[in-house]
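Structural features, examined
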Amino acid sequence: MSIVSGILESVTEVARRAGASRLCQVNLRIGVMREVVPEAMDLAWEVLCEEDPLTDGCKLTVEDVYPESVCNACGERFTHDRFHLRCPVCESADTRLIHGRELDIISIEVEHPDEPSQP
């Protein structure tokens, strides 16, 4: 709930400053290492969006970012799941996560008062 609340706070501030009459869609990029539960996020989004006429009916799209690390021992860059962080080349556990913990607002789509609403 707090993640969604923070996202909505950020995007509504930007939309209001831009003179938007409605926030239509928010596009996010979230790393799977954040361990965000999609169903919980969707429910929180639906509930919190209903509280403000600016966001009521706003859609949320999420692009998943899968883990990628670099081995500090040999320099190998590799993808992996949440639990297997060892380098596949030298088997070192001395690795650094470079992707997979993102939580980025990529873009927002707004409607302005002078634009006709879309069906």
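Reference entry: report on the structure contained in this document. For clarity, every value in this text was computed on a predicted model and none was experimentally measured. (Residues numbered from 1 in each chain as written. Predicted model: local features only at pLDDT ≥ 70, side-chain atom pairs only at ≥ 80, totals over all residues. Heavy atoms only, no water.)

1. Some thoughts on the sheet that holds strand 2 (residues 59-65)
- Judged by pairing direction, the sheet is mixed, and its three strands sit side by side in the order 2-1-6 without closing on themselves. Since the sheet does not close on itself, it has two edges, and those belong to strand 2 and strand 6 (103-111), each with one partner. Shown here is a sheet whose adjacent strand axes are inclined to one another by a mean of 15 degrees, direction ignored.
- Bridge analysis of strand 1 (residues 22-31) against strand 2 gives seven bridges, and the strand direction is parallel. Each residue of the ladder has a partner; that of G31, found in strand 2, is V65. (Pairing = 2+ DSSP bridges. Helix = DSSP H or I, 4+ residues; strand = E, 2+ residues; numbered from the N terminus. Axes fitted to C-alpha atoms, helices over the stretch in contact; angles between N-to-C directions.)

2. As for the side chain of N27
- Mapped onto the fold, N27 is located in strand 1.
- Overall, the relative accessible area of 12% leaves N27 in the buried class.
- Within the structure, the side chain of N27 is placed 2.8 Å from the side chain of S107, a separation counted as a polar contact. (Buried < 20%, exposed > 50% of the residue type's maximum accessible area, 1.4 Å probe, protein only. Polar contact = N/O pair within 3.5 Å; in protein donor to acceptor, adjacent residues only side chain to side chain.)

3. A short note on the nonpolar core
- The biggest cluster of nonpolar side chains holds 18 residues, and the ones touching the most others in it are V4, I7, L8, V26, L28, M41 and W45.
- Looking at this core, the elements that each hand over two or more residues are helix 1 (2-17), strand 1 and helix 2 (38-49).
- Among residues more than four places away in sequence, those in contact with I7 are V26, L28, M41, W45 and I105. (Core = buried A, V, L, I, M, F, W, Y, C linked by side-chain atoms within 4.5 Å. Contact = heavy atoms within 4.5 Å.)

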